[in-house]
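Here is what each chain is made of, one letter per residue.
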Amino acid sequence: MKRWTSLFALGLGTLAACTAPPGSGGTTQVDPEAVGATADTPSSADTAPSADSGAPTPTSGLVSGFDFVVGPDGPCGAPATGTPPAPKLHSDPKKQVRNPHMTWQRDPATTLTVTWTTEWTDLASYAPKLLYGPAQAMCDDGRFLLKSGKVAPGIGATYDATVGDKMVPVVAWTVELKDLDPDTDYVFRSGTFVELDPAKKKLTGPELGKVGSFRTAPKKGDRKPMPFVFAGDSRGGAPTIAVRAPTYAQIPALAWFFSGDMNTVGTQAEWNDWFKAMQPILDRRPLMPVQGNHELFSDVYYNQFALPAMPGLPAEWVEHAWALDIGNVHFVGLDSNSSDNVKGSLEWLTSDLKQAAADKDIDFTIVQYHHTTYSAGPHGQTPWVKELLVPLFEKHGVDLVINGHDHIYERSLPILNDKASTPDKGITYVVAGGFYAPAYKNGQGWWTKVSHHGSKANYMQLLVHAKVLTATAWSGDGKEKLDEFVLMR
Ligand SMILES: [Fe+2]
Ligand SMILES: [Fe+2]
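These numbers were taken from a predicted model, which means no experiment stands behind them.

The rules we used
Sequence order as written defines residue numbering, which begins from 1 separately in each chain. Each chain gets a letter, beginning with A, and each ligand a number, beginning with 1, in the order they are written. The model is predicted, so local features are restricted to residues of pLDDT at least 70 and side-chain atom pairs to those at 80 or more, both for listing and for counting; the totals for chains, interfaces and linings are taken over all residues. Buried Ala, Val, Leu, Ile, Met, Phe, Trp, Tyr and Cys residues form a nonpolar core when they are connected through C-beta atoms within 7 Å. Any residue whose C-beta has 12 or fewer other C-beta atoms within 10 Å is treated as exposed, any with 20 or more as buried, and any in between as partly exposed, C-beta atoms being built from the backbone. Those domain boundaries reflect an automatic or database domain assignment. By the convention used here, strands pair only if DSSP detects at least 2 bridges between them. Helical segments are the DSSP runs of H or I of at least four residues, strand segments are the runs of E of at least two, and each set is numbered from the N terminus. Comment: axis = line fitted to C-alpha atoms, over the contacting stretch for helices; angle = value between 0 and 180 degrees taken between N-to-C directions. Directions from the helix axis toward the C-beta atoms define the arc. What counts as a contact is two residues whose backbone-derived C-beta atoms lie within 7 Å of each other.

### Things to note about the nonpolar core
Okay, step 1: One finds F228, F230, W256 and A432 to be the most contacted residues of the largest nonpolar core, which totals 119 residues.
Okay, step 2: Each of two domains, domain 1 (32-215) and domain 2 (226-488), supplies a minimum of three residues to this core.

### Looking at the sheet that holds strand 18 (residues 322-326)
Okay, step 1: A sheet is described by the order of its strands in space; here seven strands give the open sequence 18-19-20-21-25-22-26, paired in mixed fashion. Two strands in the sheet have a free side with no partner beyond their single neighbour: strand 18 and strand 26 (448-452). Put simply, the sheet's adjacent strands are angled 15° from each other on average, direction ignored.
Okay, step 2: In the sheet, strand 18 pairs with strand 19 (residues 329-333) via five bridges, with the strands oriented antiparallel. Note that in strand 19 the partner of L324 across the bridge is F331.

### What about helix 1 (residues 238-248)?
Okay, step 1: Turning to helix 1, its buried residues are A238, I241, R244 and Y248. Considered in projection along helix 1, the buried side chains sweep an arc of 130° and stay on one side of the axis. Facing away from the buried surface of helix 1 by more than 90 degrees, the exposed residues are P239, V243, P246 and T247.
Okay, step 2: Residues of helix 1 that are buried in the fold lie against helix 2 (268-282).

### What about the pairing of strand 9 (residues 166-177)?
Okay, step 1: Counting buried residues along strand 9, nine of its twelve residues qualify, which places the element largely inside the surrounding structure.
Okay, step 2: Direction of pairing for strand 4 (residues 112-118) relative to strand 9: antiparallel, over a ladder of seven bridges. Note that in strand 9 the partner of W116 across the bridge is W173.
Okay, step 3: Bridge analysis of strand 8 (residues 155-163) against strand 9 gives nine bridges, and the strand direction is antiparallel. Along strand 9, the bridge assignment pairs G156 with W173.
Okay, step 4: Following strand 8, the chain reverses through two residues before pairing antiparallel with strand 9; G164 in that reversal takes a positive phi of roughly 65°.

This is the structure in structure tokens:
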């Protein structure tokens, strides 16, 4: 998440690029270092400002129970009798939790970031909070009872969103959890509350989103089985996604990756529809995206996603390119929107890939960006990608490249030096750009191993277990296996 105060409010226009690196600007409402204060020993950071600056007083009052009980009171372990607690929304719609989702900014084994937005823009009178704890503390019936729950504070940053033909300030609230246990299930609720009363162990005026959950990654270098999902290109597809998202949310995955073109131009209204459609997935899986050519309002995109800020990357390209080690896999996300955009991160990328290739804990390097590298679809081969990126990938041992942009499914033969090669030497290029954007016709190039028309829609599951990576591509309805391949290292 890039952070800056509202340019709109300053009358400076709306689409100026931000050059502030994450953490260098914006308004910090509470000390993010205070993350992890426990229920029994709350720090001052756990107490939000009591004045609400003219906002209606929350009507929810005190929440009864011990430690943090948000929802029906009572012991855990009892037969499931109720439905999960509904979000306890603020009476002022502007303060309600909107579009909550998870990303990773740092080590996926020990951290996790939750971001949501509100139309409430007074940074001083809203304290973003996350109630979180190990999933074992959650009742079977979905009640959120955290006997050992913790409260993590966050920060807010204002950005200008397009709503109709107007620019309207919106705040993205970000809470980063730290010091988590690797390979562990957690539950959380995002929102805010007016006050924590440690003596009574009660929250005053909670305004919380619904229960979310996630699993931290295994420690770096661990070679435990890790499932992932890759998807891309959903512009205009929100209604279909909304129908299928509850099913997609059941697919085992540590995280989802999205290769861009979520919306047609990326107005806030479109994003709200997209997040709403994706919500069943986003409530359970972190999602790591890259920017496509349709994320035209890039401020809106970068403010809503809190992504890794890579040391060594020029400030203007921070979050445009990122990398994460998850278990024994090095994942890289890139902005491929132009030759200049690629060049902006090239120096960093060179050293990043070199480092990953030399890392004995890393078995696979997977790179994701939007524009096609080897595609027989209408977009074909992207010149600046082939010229600038492919030589680096070949030099530094990239195993798999995943693109979108063409709304088809296509997998290449292993390729080296622009020729078909063998799996031990060549790189496999996949175009998985059919998450319900308008379908494109597939084609056949010398490199094409498998291809499918976009009308089938598609997403890809990856399972990495030690030195074996199994990829399975499915039609959007999950009924047809479009492809399956294995990479071994
Ligand atoms: Fe595209
Ligand atoms: Fe697209």
